[in-house]
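Overview (structure and organization)
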Amino acid sequence: MFPALERSLHLDNAGPLILLTGYQTPAAIRRAGTSRLTTWLRNRKVRGADALAAAAVEAAERQHTAVTGEKAIAKMVHTLTKEVMALNEKISETDKLIEGRFREHELAEVIESVPGIGTVLGAEFLAAVGGSLDAFPTPDRLAAFAGVAPAPRDSGKVSGNLHRPQRYHRRLQRVFYTSALISIQRDPNSRTFYDRKRAEGKRHVQAVLALARRRVNVIWALIHDRRCYHVTPPITHAA
């Protein structure tokens, strides 16, 4: 109905959703104008109200044609926007409940100290392993369960033939892979390890998986010793 506005908005942000609860058509936005629309958004505590209003009015000026059934579509957009905002609010409340429950766990401080792991990933980790590492006497067992360690597929005289395991905990693999990605930006040791793997010729995904496997050892050791992670400068060798 309003492609120019659709291209201008980032609907994963709250501001554009609030805008759509009051204005859905190009004509309505043009009638409001930048000044009035900015005030309307500010009254609803929208961040960057002036920039959002200007973008909306600019989009409205690029479309003067009303599509067939515009009024009905506008009502539908209004209803769906309200539903999305309500859903986002419920998700936010759920995230707060997860965070509160996670922080009550005895391992929360240790797990969250690892770069790249926040409350959500930490909660997913605890849920995947059953709240403790009792079922994983070694980091290798944990890595295999998470699917970040290649499994041997040897036959006859052939050895060293490795492949991705067919059975593993996919959500736990996501925890290690996602946290590894984040840690590359936040932890100098993780960045150094990733860069070294890339220099060895590994592709991006392979390097991240190698880092995820290394982090299994780190997390397992930290939990086993009940100690938090501390960032230390990476070791460099003189030329």
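Our subject is the structure that appears above.
Bear in mind the structure is a predicted one, so any value in this text is a computation, not a measurement.

**Here we look at the overall build of the protein chain**
Helices and strands together make up the secondary structure of the protein chain, namely eleven helices and two strands. The secondary structure elements of the protein chain, listed N-terminal to C-terminal, are α-α-α-α-α-α-α-α-β-β-α-α-α. Across the 239 residues in the protein chain, those meeting the buried criterion constitute 39%. Of all intrachain contacts in the protein chain linking residues separated by at least 6 positions in sequence, the fraction that spans at least 24 positions is 61%.

**Re the packing of aromatic side chains**
The way to describe two aromatic rings as a pair is by their centre distance and the angle between their planes. Summed over all chains, the structure comprises three aromatic pairs. Centre to centre, the rings of phenylalanine 136 and phenylalanine 145 are 5.2 Å apart; their planes meet at 50°, and the pair counts as tilted. A residue is classified by how much of its surface remains accessible, and phenylalanine 136, at 8% relative accessible area, is buried. We classify phenylalanine 145 as partly exposed; its relative accessible area is 30%.

**Considering helix H9 (residues 170-186)**
If you check H9, its first and last C-alpha atoms are 24 Å apart, about what 17 residues at 1.5 Å a residue would give, namely 24 Å. For H9, the full list of buried residues reads Leu172, Gln173, Val175, Phe176, Ser179, Ala180, Ser183 and Ile184. Those residues of H9 that are buried are in contact with helix H7 (119-129), helix H8 (139-146), helix H10 (188-199) and helix H11 (204-225).

**Quick look at the pattern of salt bridges**
Going through the model one piece at a time under the given rule, you end up with ten salt bridges. One salt bridge in this structure joins arginine 191 and aspartate 195, with 3.3 Å as the shortest N-O distance. Placement of both arginine 191 and aspartate 195 in helix H10 is noted, with a separation of four residues, approximately one turn of the helix. Look at arginine 191 and you get partly exposed, because its relative accessible area is 33%. For aspartate 195, a relative accessible area of 36% translates into the label partly exposed. Ionic contacts of the salt-bridge type, sharing partners, join the residues Glu99, Arg103 and Glu112 into one network.

**A word on the environment of valine 205**
When you line up the elements, valine 205 lands in helix H11. Judged by relative accessible area, valine 205 falls into the partly exposed class, the value being 43%. Considered as a pair, valine 205 and leucine 181 are 24 residues apart in the sequence and their alpha carbons are 9.6 Å apart.

**As for the side chain of serine 190**
Following the sequence through the fold, serine 190 ends up in helix H10. Beyond its immediate sequence surroundings of up to four residues, serine 190 is in contact with Ser183, Ile184, Leu211 and Arg215.

**With respect to the packing of helix H2 (residues 14-22) against helix H3 (residues 26-43)**
Contact pair H2 / H3: the axes reach a minimum separation of 11 Å and the direction vectors enclose 115°. Judged by the angle between their axes, H2 and H3 are roughly perpendicular. Two packed elements cross with a definite hand, and for H2 against H3 that hand is right-handed. Contacts between H2 and H3 involve Ile18, Leu19, Thr21 and Gly22 from the first element and Leu37, Trp40 and Leu41 from the second.

**Quick word on unusual backbone geometry**
For lysine 45, which is not glycine, the phi torsion reads 60° and is therefore positive. On the accessibility criterion, lysine 45 (74% relative accessible area) is exposed. Even without a glycine there, the phi angle at arginine 226 is positive, about 55°.

**Let's talk about the side chain of threonine 81**
Position of threonine 81 among the secondary structure elements: in helix H5 (residues 70-103). Polar contacts involving the side chain of threonine 81 include one to the main-chain carbonyl oxygen of valine 77, which spans 2.6 Å. Ignoring any residue separated from it by four or fewer positions in sequence, one finds threonine 81 in contact with Leu17, Leu20 and Thr21.

Conventions and cut-offs
- Residues numbered from 1 in each chain as written.
- Predicted model: local features only at pLDDT ≥ 70, side-chain atom pairs only at ≥ 80, totals over all residues.
- Heavy atoms only, no water.
- Helix = DSSP H or I, 4+ residues; strand = E, 2+ residues; numbered from the N terminus.
- Buried < 20%, exposed > 50% of the residue type's maximum accessible area, 1.4 Å probe, protein only.
- Contact = heavy atoms within 4.5 Å.
- Phe/Tyr/Trp six-rings, centres within 6.5 Å; stacked < 30°, edge-to-face > 60°.
- Expected span 1.5 Å × (residues − 1).
- Salt bridge = Lys/Arg side-chain N within 4 Å of Asp/Glu carboxyl O.
- Axes fitted to C-alpha atoms, helices over the stretch in contact; angles between N-to-C directions.
- Parallel < 35°, antiparallel > 145°, perpendicular 65-115°, else oblique.
- Left-handed = near helix turned anticlockwise from the far one by under 90°.
- Polar contact = N/O pair within 3.5 Å; in protein donor to acceptor, adjacent residues only side chain to side chain.

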